[in-house]
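An overview of the molecular structure
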Amino acid sequence: MNILVNFHCHSIFSDGDQTPEMLAANLAAAGVRYAALTDHDSLEGLPRFQEALNKRGISYLPGVELTTWFKGRELHLLGYGFDPQYPDLLATLLSIRQVKEVEVHSIAGSLRKMGTNRPGNSEDVAAVSAAPHGRLEIDQAIDLIHRAGGKAFWAHPLMFESVAERLEACALELKTLGLDGLEAIYTPFTADQCSVL
């Protein structure tokens, strides 16, 4: 029996075009049984996504796609199963989002992009950002996800390196830094391309 999962979804809170509720409805219509919302550097849509999935009997996993740096290049890291209220994670996301170039289409859009990943209570005062200047190195990102109780996976590795030998070398180096796994299936790539993973 095949069980459909989707652990790499984006909503309007990053670069997706659907609300968390619309996304959950479409996943349910497609027969997906397990899902994670992995918006870029944002946890803002997670509560709405979880609630919408629960109404449809779909199992939920907290997720995020972090913008990180490895060997001077941007590398995306998927985090799963972490505590979405972990103060250091919230502080780090705020740091990243504050320095990102934000395309401002409207006042409402810019307010939405600011998100709710802002420390807002006394417990958050002691939070430490792993990216105080907005640049998150891969080793710090992996450590942060682990400290938040989650697992760290390399997102769409073929977008970073398409040559099999270099890809393997990068994966082995990342494994020494604590990487838990990599995304083996990514829609834009063919089955043959994914088979190298």
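The structure displayed is predicted, hence computed values, not measured ones.

Taken in spatial order, the three strands make up an open sheet running β1-β2-β3, and their pairing is parallel. A single partner strand is all that each edge strand has here, and the edge strands are β1 (4-9) and β3 (59-60). The sheet contact formed by strand β2 (residues 32-37) and β3 spans two bridges and is parallel. Bridged to Y34 within β3 is S59. Of the strands in this sheet, β1 and β2 are in contact with helix α1 (residues 20-29), which crosses β2 at around 155°.

Under the counting rule described, the total for this entry stands at seven salt bridges. Two residues, E137 and R135, come together in a salt bridge whose shortest N-O distance is 3.2 Å. On the accessibility criterion, R135 (41% relative accessible area) is partly exposed. Shared partners join several salt bridges into a network, and the residues in it are D88, D143 and R147.

With a phi close to 55°, D41 is a non-glycine residue in the positive phi region. Counting through the fold element by element, D41 comes out in the loop between β2 and α2 (46-55). Residue class for D41 comes out buried when judged on its relative accessible area of 0%. The backbone of H156 sits at a positive phi, close to 30°, despite the residue not being glycine. Mapped onto the elements, H156 comes out in the loop between β6 (151-154) and α6 (157-160).

Cut-offs applied
Residues numbered from 1 in each chain as written. Predicted model: local features only at pLDDT ≥ 70, side-chain atom pairs only at ≥ 80, totals over all residues. Heavy atoms only, no water. Pairing = 2+ DSSP bridges. Helix = DSSP H or I, 4+ residues; strand = E, 2+ residues; numbered from the N terminus. Contact = heavy atoms within 4.5 Å. Axes fitted to C-alpha atoms, helices over the stretch in contact; angles between N-to-C directions. Salt bridge = Lys/Arg side-chain N within 4 Å of Asp/Glu carboxyl O. Buried < 20%, exposed > 50% of the residue type's maximum accessible area, 1.4 Å probe, protein only.

All we've got here are geometric facts, nothing functional implied.
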